[in-house]
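Descriptive structure summary
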Amino acid sequence: MPRLSANTPFIHPDVEMTGTTLGRYTEIGRGSRIVNATIGDYSYTDRYAEIANAEIAKFANIAAFSRIGPTDHPLHTASLHHFLYRSPDYFYENAPDTAFFEHRASRRAHIGNDTWIGHGAVIMPEVTLHDGAVVAAGAVVTRDVAPYTIVAGVPARPLKARQPQDIAERLIALAWWDWPHERLHAALQDFRTLPAAAFLDKHEG
């Protein structure tokens with residue numbers, strides 16, 4: 001019996017999760033905290049990932065201690081402290097600043113299909129990682145990442161292409177991440193053994 005299921009996400013102990021939708025065959029690592037997110041089929045997090053206000057597509061590989069959509073503070077006001085918007089924690093008869101929280105929630109990060117976010121990497125709010133992108137461990141991504149591009153550093157910059165542009169375009173057109181589970185299983189040996197170009201030659205059309 002496979003460990004992962006189409007019906008029940010595999011959620012490890014000590015996970016905090018609110019306002020989140022999980023797809024099929026998903027796994028959430030120990031101690032992760034996820035707020036206001038959608039996580040697509042086959043995507044997973046390793047230990048202690050933090051995700052807020054994010055749309056994550058299918059087959060995303062999210063390493064331990066990574067952070068997607070870290071929440072921010074107001075920089076245009078006289079103070080940036082919690083007391084501005086978490087006011088009931090400090091004062092009687094004050095409501096939270098709902099407009100601030102709504103604005104924060106609207107600043108969503110978008111993570112594409114078949115992406116890999118390395119250990120301890122940070123993806124800032126409103127950034128898009130396009131399909132096939134890879135983020136090196138410890139990188140801080142402040143700008144969108146093109147399809148099938150590997151980025152590294154602080155701030156992250158393109159390091160090299162994961163696949164040549166023509167292969168990347170063909171993979172995106174093939175959209176194997178939308179295949180039924182049974183077709184993925186049938187093609188498993190090809191995924192394992194064929195270079196991307198040979199895989200495309202066999203499975204396109």
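In the block above lies the structure referred to throughout.
Report on the accompanying structure. These figures come from a predicted structure and were not determined experimentally.

Under the counting rule described, the total for this entry stands at one cavity of 30 Å³ or more. Lining the largest cavity are Asn53, Gly69, Pro70, Thr71, Asp72, Arg104, Arg107 and Pro125. Grouping the constituent residues of the lining of the largest cavity by class yields two nonpolar, three polar and three charged.

Right, let's get into the layout of surface pockets. If you add up the space inside the largest pocket, you get close to 380 Å³. Along the walls of the largest pocket sit Tyr42, Tyr44, Phe59, Asn61, Asp114, Trp176, His181, Leu184, His185, Leu188, Phe191 and Arg192, which together make up its complete lining. At the level of secondary structure, the elements contributing two or more residues to the lining of the largest pocket comprise α3 (181-186) and α4 (188-193). The class makeup of the residues in the lining of the largest pocket is seven nonpolar, three polar and two charged. If you add up the space inside the second largest pocket, you get close to 290 Å³. Lining the second largest pocket are 16 residues, with Val35, Ala52, Asn53, Thr71 and Arg104 positioned closest to its centre. Per-class residue counts for the lining of the second largest pocket are seven nonpolar, four polar and five charged.

What counts and what doesn't
- Residues numbered from 1 in each chain as written.
- Predicted model: local features only at pLDDT ≥ 70, side-chain atom pairs only at ≥ 80, totals over all residues.
- Heavy atoms only, no water.
- 1 Å grid on protein atoms, 1.4 Å probe; cavity = no way out; pocket = protein on both sides within 12 Å on 5 of 7 lines; lining within 4 Å.
- Points joined across faces, edges and corners; volume = space filled by probe spheres on them.
- Nonpolar A, V, L, I, M, F, W, Y, C, P; charged D, E, K, R; others polar.
- Helix = DSSP H or I, 4+ residues; strand = E, 2+ residues; numbered from the N terminus.

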